[in-house]
Amino acid sequence: MAKTKILGSQINLDSLTREVHALSSKTAPVDADEALLVDSAASYAAKRLSWSNIKATLKSYFDTLYAPTSKGVTNGDSHDHYGGDGAQISHGNLSNLDQDHHTQYLTQTRHDVAARHPISILPYVTSIGKPGSNSYLATAKAVRDALPAYAAVVGPYAWCDYVTDGSADNVEIQQAINDGKKMIVLLPGVYDIKSTIQVLTDGVWLMGAGSSGSPELNVVKLRGTAKLSPILQVGSNTQEIRSFQMSNITITRQNPSQSNLTVGLYIVRTPMHGLINIYNCMFCDSFWNVRLGNNDDNIENVAPTTFYGCSFGRYDGRDRVGVWQNRAADVRYISCIFQGYEGDLSAGLSAIGWTHNDAFISNCYFASFAKYLYNATPKYCILWANGIVLRVENTQFEEGGDANLVIQDGIDVGIYNCNLGGAYNLPACQIYMRPESGRDIRNVRIIGNSIGYYSGDRPISVSMYGSYRVKDLVIAHNNIMVRGLGCNIENVDRLVFSNNTMLLETSMSYSEMLRVYHSSARDAMNMITNNVIDDAGLSSNSIGIYCSPNTNRSIVMGNIVKMTGANKISVQGSNCVVDHNITF
């Protein structure tokens, strides 16, 4: 029988365990209760241990393994966060909601205050107070503190990563780029640019942090000196840039009245598989506000580029071209404004000029490229020269000078659902096509537009150049206003003029509402069908539809022509069909 010595006596262990088991039980010990302990540090002598000490020892041990539990507060409008100290935290109007549910609270207006969640204002800072105010600086600094390591803030405050002083601020911006920063946030202000800022690394995003308040206070403006060109350059003749982004920044120059060849943004060279995005920026007061590509080789050298929500203008300046696309492929202009300047000695040549590239224009506005003094240079909203593919849709054109849209080249051109007209400066022509690039213009569609409202000359004019001509031209479903002279279509192979409405707005004598002409005998294969032509009683000795000699193998059918003069329809080509027209 095993025995042990406890408290100086030999005790039978079997007997001890039976006796302990026979004792009455206690389900909830209190701190003063005691348990038997054999102390290994005292030669295994018997000792007693209180329940309070047992609890304290266990707590100390378990605190090393598990996080402390929260002491939550649930008395109405306050609650504690996990792991907190129980202190009440005001959380708005929770007790008055039908459900104590945070989704309900998200609907309350108090949750929409940007200062409560400063990190959420990236990448666009909105409604954070007037720049320079305490609320603005506190929020902007919180944003800076939350930025990742690859980002930096540039501005005039001591806490900025790169501190500017209003003189040669290009140094700090350039240093941020050279230091490998990819997201460079510019705080509101005017930055003095004395030498070109160069972006020669991939993935840079220049981000203006202006708020939605007064534009004079919140604008981020890169202002170049009078003869600086360019102000901002992306890539070089030897360095391709695969990706670049810019947002909420204005690029202008210090002395816009001084004539020189300043370029605002110059994207020199990017690979075809790269990507350039420009958002919500303004470009003004430069000779070329934006230039894409160069002439150093015979290949397209600017990657797909998107301008979204940008403004191009000459606010008191002398810029000649809003955007010059030179060997730039696949450029998109979405919801942009192109605003010229009136009455200046050298008013803008065109809003957009192209060579060797493709473009897509949607939901844009072009205006005020018409009025010019002492200058015979024609003014255009769009000059499409040596281009390949052009799409223009849902876009407004006004005051285009000699023409709103000039097409000199292209093998796939579409103009859809646009309004081409003028307010008071009357352009000589709304759409002008002439193949001056050394090849035919092919596959042109002008569909669903309002053309020629208040135009001063022809709504549409098409002619050949040398031996080159326009081929496969569709003009359909347009509303065409005629003011002075009608549409003139010359030397086109395969013309479809169908389902258009033409209305004469002012008096016209000895002219045609629609003139189709060929200079030499040719199987023109024209289809002029289902049009409504009305001179509104304003013409004399004029013709509704005229097809000249040599316009052979044409069909003129299903048209309704109301003309005051005796000649309603005159088709003089051979092998033509003229039938089922209504004339009166």
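Residues numbered from 1 in each chain as written. Predicted model: local features only at pLDDT ≥ 70, side-chain atom pairs only at ≥ 80, totals over all residues. Heavy atoms only, no water.

Trainee: How should I be thinking about the overall build of the protein in this particular structure?
Mentor: When its secondary structure is counted, the protein shows 6 helices and 56 strands. Classification of the 584 residues of the protein by burial places 47% in the buried group. Within the protein, contacts between residues at least 6 apart in sequence are counted, and of these 68% link residues at least 24 apart. If you sum the accessible surface of the protein, you get close to 26,900 Å²; carbon and sulfur atoms cover 52% of it. (Helix = DSSP H or I, 4+ residues; strand = E, 2+ residues; numbered from the N terminus. Buried < 20%, exposed > 50% of the residue type's maximum accessible area, 1.4 Å probe, protein only. Contact = heavy atoms within 4.5 Å. Areas by Shrake-Rupley, 256 points an atom, 1.4 Å probe, with all protein chains shown as cover.)

Trainee: Is there a simple way to explain a nonpolar patch on the surface in this structure?
Mentor: The grouping of Leu 58, Tyr 61, Phe 62, Leu 65 and Tyr 66 at the surface amounts to a nonpolar patch, some 550 Å² of accessible area in total. Mapping Leu 58 onto the fold places it in helix α2 (residues 51-62). Judged by relative accessible area, Leu 58 falls into the partly exposed class, the value being 42%. (Patch = residues over 30% accessible without salt bridge, like charges linked within 9 Å, V, L, I, M, F, W, Y side chains within 5 Å. Salt bridge = Lys/Arg side-chain N within 4 Å of Asp/Glu carboxyl O.)

Trainee: I would appreciate a short explanation of helix α5 (residues 170-178) in the present structure.
Mentor: Helical periodicity: at 3.6 residues per turn, an α-helix aligns residues three or four positions apart in one direction. Where α5 is concerned, the buried positions are Asn 170, Glu 172, Ile 173, Gln 174, Ala 176 and Ile 177. Lining the buried residues of α5 we find β7 (151-155), β8 (162-163), β9 (183-186), β10 (189-193), β11 (197-199) and β13 (220-224). A positive backbone phi angle near 85° is found at Gly 180, which sits one or two residues after α5.

Trainee: Even after reading the chapter, I still don't get the pairing of strand β18 (residues 275-279), so can you show me in this structure?
Mentor: Residues in a regular strand point their side chains to alternate faces of the sheet. The pairing of strand β15 (residues 243-247) with β18 spans 5 bridges and is parallel. Opposite Met 246, over in β18, you have Ile 278 as the bridge partner. Where β18 and strand β21 (residues 305-308) come together, 4 bridges link them in parallel fashion. Counterpart to Tyr 279 in the pairing with β21 is Tyr 308. (Pairing = 2+ DSSP bridges.)

Trainee: Teacher, can you tell me more about the pattern of salt bridges here?
Mentor: Side-chain pairs of opposite charge can arise whenever the charged atoms involved come near each other. Tallied over the entire structure, the rule returns 18 salt bridges. In this structure, the salt-bridge partner of Asp 409 is Arg 439, at a minimum N-O distance of 2.7 Å. Highlighted residues: Asp 409 in the loop between β32 (403-407) and β33 (412-416) and Arg 439 in the loop between β35 (429-433) and β36 (441-447), separated in sequence by 30 residues. The class for Arg 439 is partly exposed, based on a relative accessible area of 33%. The salt bridge partner of Arg 434 is Glu 436, with a shortest N-O separation of 3.5 Å. We classify Glu 436 as partly exposed; its relative accessible area is 32%. Through salt bridges that share partners, Arg 391, Asp 412 and Arg 445 make up one connected network.

Trainee: Help me understand the side chain of Asn 491 in this model?
Mentor: Relative to the assigned elements, Asn 491 resides in the loop between β41 (487-490) and β42 (493-498). Judged by its relative accessible area of 4%, Asn 491 falls in the buried class. Polar contacts involving the side chain of Asn 491 include one to the main-chain amide nitrogen of Ser 519, which spans 2.9 Å. In this view, Asn 491 contacts Met 464, Arg 469, Val 470, Tyr 517, His 518 and Ser 519; residues no more than four positions away in its chain are not counted. (Polar contact = N/O pair within 3.5 Å; in protein donor to acceptor, adjacent residues only side chain to side chain.)

Trainee: Teacher, can you tell me more about the environment of Tyr 517 here?
Mentor: With respect to the helices, strands and loops of the structure, Tyr 517 is situated in strand β45 (residues 512-517). The exposure class assigned to Tyr 517 is partly exposed, which follows from its relative accessible area of 27%. With 30 residues separating them along the chain, Tyr 517 and Cys 547 place their C-alpha atoms 6.0 Å apart. The residues touching Tyr 517, leaving out its near neighbours within four places in the chain, are Ile 489, Glu 490, Asn 491, Ser 548 and Thr 551.

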